[in-house]
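Topology and contacts: notes
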Number of protein chains: 2
Amino acid sequence: MKFCSALLTIFSVCVVADAFVPRSRPALMRGGGLSPFMSATAEEKDTKDEKSDGKKAGKDAPPTHLGWNTHNPVSEAPSSLVREMDGGPDGNYPMRSKFEKMCRDAQIAITKAIEEIDGEGQFKEDCWTRENGGGGISRVLAGGKVFEKAGVNLSVVYGSMPPEALQAATERGVDRAKGMAPGERVPFFACGLSSVMHPKNPFCPTMHFNYRYFETDGGVWWFGGGTDITPCYINEKDMKHFHGTYKEICDKHDPKYHEEFKAWADRYFVIQHRNETRGFGGIFFDDQNDREPDTIFEFSKECLNNVINAYGPIIEEHKDDEYTQKQKEWQLMRRGRYVEFNLVYDRGTVFGLKTGGRIESILMSLPETARWEYNAVPEPGTPEADFLDACTFPRTWV
Amino acid sequence: MKFCSALLTIFSVCVVADAFVPRSRPALMRGGGLSPFMSATAEEKDTKDEKSDGKKAGKDAPPTHLGWNTHNPVSEAPSSLVREMDGGPDGNYPMRSKFEKMCRDAQIAITKAIEEIDGEGQFKEDCWTRENGGGGISRVLAGGKVFEKAGVNLSVVYGSMPPEALQAATERGVDRAKGMAPGERVPFFACGLSSVMHPKNPFCPTMHFNYRYFETDGGVWWFGGGTDITPCYINEKDMKHFHGTYKEICDKHDPKYHEEFKAWADRYFVIQHRNETRGFGGIFFDDQNDREPDTIFEFSKECLNNVINAYGPIIEEHKDDEYTQKQKEWQLMRRGRYVEFNLVYDRGTVFGLKTGGRIESILMSLPETARWEYNAVPEPGTPEADFLDACTFPRTWV
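Along each chain, residue indices are assigned from 1 in the same order as the chain's sequence is written. Labels are handed out in written order, letters beginning with A for the chains and numbers beginning with 1 for the ligands. The model is predicted, so local features are restricted to residues of pLDDT at least 70 and side-chain atom pairs to those at 80 or more, both for listing and for counting; the totals for chains, interfaces and linings are taken over all residues. Calculation of side-chain values draws on the structure's entire complement of heavy atoms; hydrogens and water are dropped beforehand.

Chain A appears in an unreviewed UniProt entry as coproporphyrinogen oxidase from Seminavis robusta. UniProt positions are given in the numbering used here, feature names are shortened, and annotations may be inferred rather than shown by experiment. Looking at chain A in UniProt, the text filed under Sequence similarities (unreviewed entry) is "Belongs to the aerobic coproporphyrinogen-III oxidase family."

Structure representation (structure tokens):
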């Protein structure tokens, strides 16, 4: 309970840090980008008048840079980090607390399951609050028997999106500035649960997930999220299980979801300078507000609550696999790639680093060790070369 | 001779990738930013008319993104990578070849000296050319006795700066678009030598240097460069020697240089999200065109030719120092910081990654291994804590 933690990676995977990402690859553009991004309950007037009038950010709205010293460690998190009496768009009122509760329950369940799989490692919890509301709970396990490093972080944020970031969002066809006066920063609420798990064994994949809910003071709301897997060797059976678990969930909610969200993950998790994916994807979605909030909430909840079902059996299966020093070095080089993706492209990470988030929580996602060898290209025909091929041409696993 | 190499880190430390760097910290602004950035030989007319007329980029001018497949490996570099009959601003004609020759001579001398210090490791040379002119020579030593990884890379580039990057340059008070029509991309020539050396022993600092010369088709030219040092423990005597060597050189050329260029390095090599410097700096300069080209050339040459004098004795002194596993881990965590700086802030690296440079050459600068521990804060009173203090409040070593 010694440390405090923020988690800014939930910020706007795809919102704000877009400003730092080159335009050449429309990584987060969905199909036609034409789904109804408007709040279902927003008045039509807002759409027409958004350029000529709109709300101004309140005088007490948070700054766009949160600052170094806004994280106050607390020994125990309050029962809710959502401000009392927090409103929200009409008909959407209780979603802030409801989403937070879902995240907190999942954080407890997932960390318990991971401790059981590990058998030795224990999560250490750090809580923090912030003056203008919100805060977070970080749980990090380091140096376990099975896991080198695993973190599950809850974050509740009252922030402001800077106007220059919103311009980038608008280019993507998502008007997150809607309802606000032009050039105005957009105060927002965000809540999310985010996680990265790096096992020791090279045959145990790294796993990442992030489920989040946003509301702006302009009356726009949306859900985002995803779970993805980063092995360093191909195992078809594991991939069938992982992707199959999420396909089944997606199919229950919308027959188009899996194809769309699998492709979105394949587009998002790309190390562009190497022209290869970080791993083997999973599902990824953002800007979801095209149906009732409760409907999307239920989908997010089912995705989140199945993280362990999708990932756990793979770790149980391979945690004691034998491996060579060469295979361990290959894993460490793939972890170097993980670092490259997270520091150069991951919008949540880049945004968090540049807006004063709590560094140790944001960079919890980095592996304990990573390796870079000059010009290390696997010999053709090896499992490593096959793996790279699957990173260059994403495969369909189910 | 199997591989080909580009080195884009010479690109515009401080030119182009500015677009990716937040504005909050004017890292590269010199004193008042008011030195005469104009070419000494440019006509006054250009200044007045630059918004209303100006040159258009030629139809054969290179694209702003160089592409994945423009690096052609060659078994031996031609005697010059500068195009034959290459012109340049009036009175500055032979500088392209002259600067290239200086770099090539220094590359040979420095790699020879490093091999002698190492005693076992050998540099491997990779050469490449590019269709529209230019190319490079990479020399990389991996797995030596003293050096884990050391690279010295020559690069000659015919490229184009994108208009959005130039806007950022203009904000900094440097009009690199001068002489070109508004909104036009700016074709340029650049030549430079760049290096990073990562020794194995935690008491042997990492060293980086980069000396470069730029010319635009609009008739603007400038020199940039610097040498800086990144230890992971404080050794006053070593720092006095390193900084003293460069102070002496600076003082010979301009009594104001050392103070200015030392401060510039302290501002540039900052890991902003951690509010700490990468290491202990050295000298850093850019946009130098306030005196005769030959005068600045002589200064650059003396800086470059003294890299080994400044660095070599420190390695000789400490290469066999005894160290503990804990000290090695601390070194690896500082290497994690090196990775964070290079991937998030270093303008040359970020620009290279995002414009299609040769990845293996750009990322040669990363250490072989790096480490991230969650919330690892040194105990007060330890050498590690003292080191961090010097990264937070840059010291004067001479």
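Anyway, onward from the coordinates.
1. Considering unusual backbone geometry
Most peptide bonds take the trans form, and the phi angle of most residues other than glycine is negative. A positive phi angle, close to 55°, is found at Asn275 of chain A, a residue other than glycine. By definition, any uninterrupted DSSP run of H or I lasting at least four residues is a helix, any uninterrupted run of E lasting at least two residues is a strand, and each is numbered from the N terminus. When you line up the elements, Asn275 of chain A lands in the loop between strand 8 (270-271) and strand 9 (276-277). On the accessibility criterion, Asn275 of chain A (40% relative accessible area) is partly exposed. For Asn375 of chain B, which is not glycine, the phi torsion reads 55° and is therefore positive. Relative to the assigned elements, Asn375 of chain B resides in the loop between strand 11 (369-371) and helix 11 (383-392). The buried label goes to any residue with under 20% of its type's maximum accessible area, the exposed label to any with over 50%, and the partly exposed label to all in between, with areas taken from a 1.4 Å probe on protein chains only. Under the relative-accessibility criterion, Asn375 of chain B is labelled buried at 12%.

2. Concerning the interface of chain A and chain B
Pairs of residues are marked as contacts when any of their non-hydrogen atoms sit within 4.5 Å. Contacts between chain A and chain B engage 36 residues on the former and 36 residues on the latter. What counts as buried area is the accessible surface, traced by a 1.4 Å probe, that two parts surrender upon association, with contributions from both included. Counting each side, the surface lost to burial between chain A and chain B is near 3,500 Å², with a carbon and sulfur contribution of 60%. Salt bridge, as used here, is a side-chain nitrogen of Lys or Arg placed within 4 Å of a carboxyl oxygen of Asp or Glu. Here chain A and chain B share four salt bridges between them. Between Arg371 of chain B and Glu368 of chain A there is a salt bridge whose closest N-O contact spans 3.7 Å. N or O atoms within 3.5 Å of each other form a polar contact, as long as, within protein, one can give a hydrogen and the other can take it, and as long as residues adjacent in sequence are counted only when both atoms are side-chain atoms. There are eleven residue pairs in polar contact (both at pLDDT 80 or more) connecting chain A and chain B. Those elements that provide at least two residues to the side of chain A that touches chain B are strand 2 (124-129), strand 3 (134-142), helix 8 (325-344), helix 9 (347-354), helix 10 (359-362) and strand 11 (369-371) of chain A. Considering every element that reaches the side of chain A that touches chain B, the biggest residue donor is helix 8 of chain A, with four residues. Looking at the side of chain A that touches chain B residue by residue, the class counts come to 18 nonpolar, seven polar and eleven charged. Two strands are counted as paired when DSSP detects at least two bridges linking them. Where strand 11 of chain A lies against strand 11 of chain B, three bridges are found, and the strand directions are antiparallel. Charged residues are taken to be Asp, Glu, Lys and Arg, nonpolar residues to be Ala, Val, Leu, Ile, Met, Phe, Trp, Tyr, Cys and Pro, and polar residues to be all remaining types, Gly included.

3. Focus on the sheet that holds strand 3 of chain A
Residues and elements named next belong to chain A. If you trace the eight strands from one edge of the open sheet to the other, you get 1-2-3-4-5-6-7-10, paired in antiparallel fashion. Each edge of the open sheet carries a strand with a single partner, namely strand 1 (72-74) and strand 10 (282-288). Recorded for the sheet is a direction-independent mean angle of 15° between the axes of neighbouring strands. The pairing of strand 4 (residues 147-161) with strand 5 (residues 186-199) spans 14 bridges and is antiparallel. Looking at strand 5, one finds that Asn153 is bridged to Ser194. Of the strands in this sheet, strand 3, strand 4, strand 5, strand 6 (206-216) and strand 7 (221-230) are in contact with helix 2 (residues 95-118), which crosses strand 4 at around 170°. Packed on one face of the sheet, helix 8 meets strand 4, strand 5, strand 6 and strand 7 and runs near 170° to strand 5. Here, axes are lines fitted to C-alpha atoms. For helices the fit covers the stretch in contact, and angles between N-to-C directions go from 0 to 180 degrees.

4. Here we look at the pattern of salt bridges
Once their charged atoms are close, side chains differing in charge can pair, the charge on each being opposite to the other. For the coordinates displayed, the defined rule picks out 48 salt bridges over all chains. Between Asp294 of chain A and Lys98 of chain A there is a salt bridge, with the nearest N and O atoms lying 2.5 Å from each other. With Asp294 of chain A in helix 6 (residues 293-305) and Lys98 of chain A in helix 2, this pair connects stretches of sequence that are 196 residues apart. Looking at Lys98 of chain A, the relative accessible area reads 29%, which means it is partly exposed. Here Asp389 of chain B and Arg395 of chain B are joined by a salt bridge, their closest N and O atoms 2.8 Å apart. Accessibility expressed as a relative area gives 33% for Asp389 of chain B, which makes it partly exposed. Judged by its relative accessible area of 22%, Arg395 of chain B falls in the partly exposed class. Here the salt bridges do not stand alone but share partners, grouping Asp254, Asp290 and Arg291 of chain A into one network.

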